[in-house]
Number of protein chains: 2
Amino acid sequence: MDKYDGLKLENQLCFPLYSVSNLITRNYKPLLDALDLTYTQYIVMMVLWEKERVTEKQLGKQLFLKSNTLTLLLQKLSDKGYVSVAKDESDARYVVITLTETGKKLKDRAVDVPPSIAKTINLSADEAVYLYKILYKILEENKDEKV
Amino acid sequence: MDKYDGLKLENQLCFPLYSVSNLITRNYKPLLDALDLTYTQYIVMMVLWEKERVTEKQLGKQLFLKSNTLTLLLQKLSDKGYVSVAKDESDARYVVITLTETGKKLKDRAVDVPPSIAKTINLSADEAVYLYKILYKILEENKDEKV
DNA sequence: AAAAAATAAATCGCATACGATATAATTTGC
DNA sequence: GCAAATTATATCGTATGCGATTTATTTTTT
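This is a predicted model, so every value here is computed, not measured. (Residues numbered from 1 in each chain as written. Chains lettered and ligands numbered in written order. Predicted model: local features only at pLDDT ≥ 70, side-chain atom pairs only at ≥ 80, totals over all residues. Heavy atoms only, no water.)

### Here we look at the protein's contact with DNA strand D
Taken together, 25 residues surround DNA strand D, and among them Tyr18(A), Arg26(A), Ser67(A), Thr38(B) and Gln41(B) come closest. Across the atoms of DNA strand D situated within 4 Å of the protein, the share located in sugar and phosphate is 72%. Between DNA strand D and Ser67(A), the relevant distance is 2.6 Å, taken from a base nitrogen to a side-chain nitrogen or oxygen of the residue. Between DNA strand D and Ala92(B) there is a distance of 3.0 Å, counted from a phosphate oxygen to a backbone nitrogen or oxygen. Where the surface near DNA strand D is concerned, the elements lending two or more residues are helix H1 (14-33), helix H3 (56-63) and helix H4 (67-79) of chain A together with helix H2 (39-50) and helix H4 (67-79) of chain B. (Near = heavy atom within 4 Å. Polar contact = N/O pair within 3.5 Å; in protein donor to acceptor, adjacent residues only side chain to side chain. Helix = DSSP H or I, 4+ residues; strand = E, 2+ residues; numbered from the N terminus.)

Structure representation (structure tokens):
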């Protein structure tokens, strides 16, 4: 035990978080390629599949992303024909994103993705629930700092 | 409960993993800026602070990264004067990375980083240990697929 | 030992993420 | 009612990460 122990890779919590996150994105890739989506595009679509109309601002809040990531990404989803992007009529500062018909249909092709990913993670129900709770605890605590 | 439940954002385990990982990288940024390191560069330095000489291959295995990420990153660390990069004499396929004197000294300036980050995460010891174990379980199970 | 296979890096093209800054639209304060 | 402050996007520059491919080197096979 010396003053450098905190700098050992094996004592980091952040490193496995970072690595697991990368790992999962890698696992998603072949599944999402079939839908012509990246992982970030996929979570945007997930929001829209639940709520057909959102502003860029709302998306950012829910996904912890900002315009520097979202603006270009939404343009790409628009280019693919999955969403339409327009200014809000009553307040032109807002960008409103809505699902196109193609985007709505994509939902049916996406239903197989979550179970496929679940297989690659392979946690017990208890572990998954606990992990879920801890992660959201961390997110909740840091929520304010970034808006 | 319908067939689309699996596609709800709130039912994803991957999304909070991804978001927490991004969050942590954001929290590291101001701390690491002072050391002129990015997060990925920082974990490479952590490996080297424990083991003064490693090959790019070994680094990739330990950090779950490949040459497409590492080659350029190591060049940057070399440009900053923190490491030196050279071909292995006995087998020129390998790239060997060693700490420079500057790189060694950086370790003393880095000791404050882990406790600062720990504050922003704010988990109990039990939670941290449990989280750690689950994450490494996931990493272990997926280790083989990517080398 | 020459050809073939294997291995480790390097390179390419693409899509994030980030802070910082700029722009455009609306609201607020006086 | 108009200048100032606020708000929501857009833009810029930098650094990853990824799969796919290429290059360089070594080992294996015949």
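Now that the structure has been shown, we can carry on.
### Some words on the interface of chain A and chain B
Contacts between the two partners involve 59 residues from chain A, matched on the other side by 59 residues from chain B. Between chain A and chain B, a total of about 6,000 Å² is buried, with carbon and sulfur atoms accounting for 68% of that surface. Remark: the boundary between chain A and chain B carries four salt bridges. For the pair chain A and chain B, the number of links is 15 residue pairs in polar contact (both at pLDDT 80 or more). Mapped onto the side of chain A that touches chain B, the elements with two or more residues apiece are H1, helix H2 (39-50), H3, helix H5 (101-110), helix H6 (113-121) and helix H7 (125-141) of chain A. Counting residues per element, the side of chain A that touches chain B draws most heavily on H1(A), at 13 residues. Its residues assigned to classes, the side of chain A that touches chain B comprises 37 nonpolar, 10 polar and 12 charged. (Contact = heavy atoms within 4.5 Å. Buried area = accessible area lost by both parts, 1.4 Å probe. Salt bridge = Lys/Arg side-chain N within 4 Å of Asp/Glu carboxyl O. Nonpolar A, V, L, I, M, F, W, Y, C, P; charged D, E, K, R; others polar.)

### Overview of the packing of aromatic side chains
Under the counting rule described, the total for this entry stands at 15 aromatic pairs over all chains. For the ring pair Phe15(A) and Tyr18(A), a centre distance of 6.5 Å and an interplane angle of 35° mean the geometry is tilted. Highlighted residues: Phe15(A) and Tyr18(A), both in helix H1, separated by three residues, approximately one helical turn. In this structure, Phe15(A) and Tyr18(A) share a single accessibility class: buried. Consider the rings of Tyr18(A) and Tyr39(B), whose centres lie 5.1 Å apart with planes at 70°: the pair is edge-to-face. Here the residue Tyr18(A) occupies a position in helix H1, and Tyr39(B) occupies one in helix H2, the pair thus bridging two chains. For the pair Tyr18(A) and Tyr39(B), one class covers both residues: buried. Aromatic ring contacts, followed pair by pair, group Phe15(A), Tyr18(A), Tyr28(B), Tyr39(B), Tyr42(B) and Phe64(B) into a single cluster. One residue, Lys107(A), lies across the ring of Tyr4(B), its end atom 4.2 Å from the ring centre. (Phe/Tyr/Trp six-rings, centres within 6.5 Å; stacked < 30°, edge-to-face > 60°. Buried < 20%, exposed > 50% of the residue type's maximum accessible area, 1.4 Å probe, protein only. Lys NZ or Arg CZ within 6 Å of the ring centre and 35° of its normal.)

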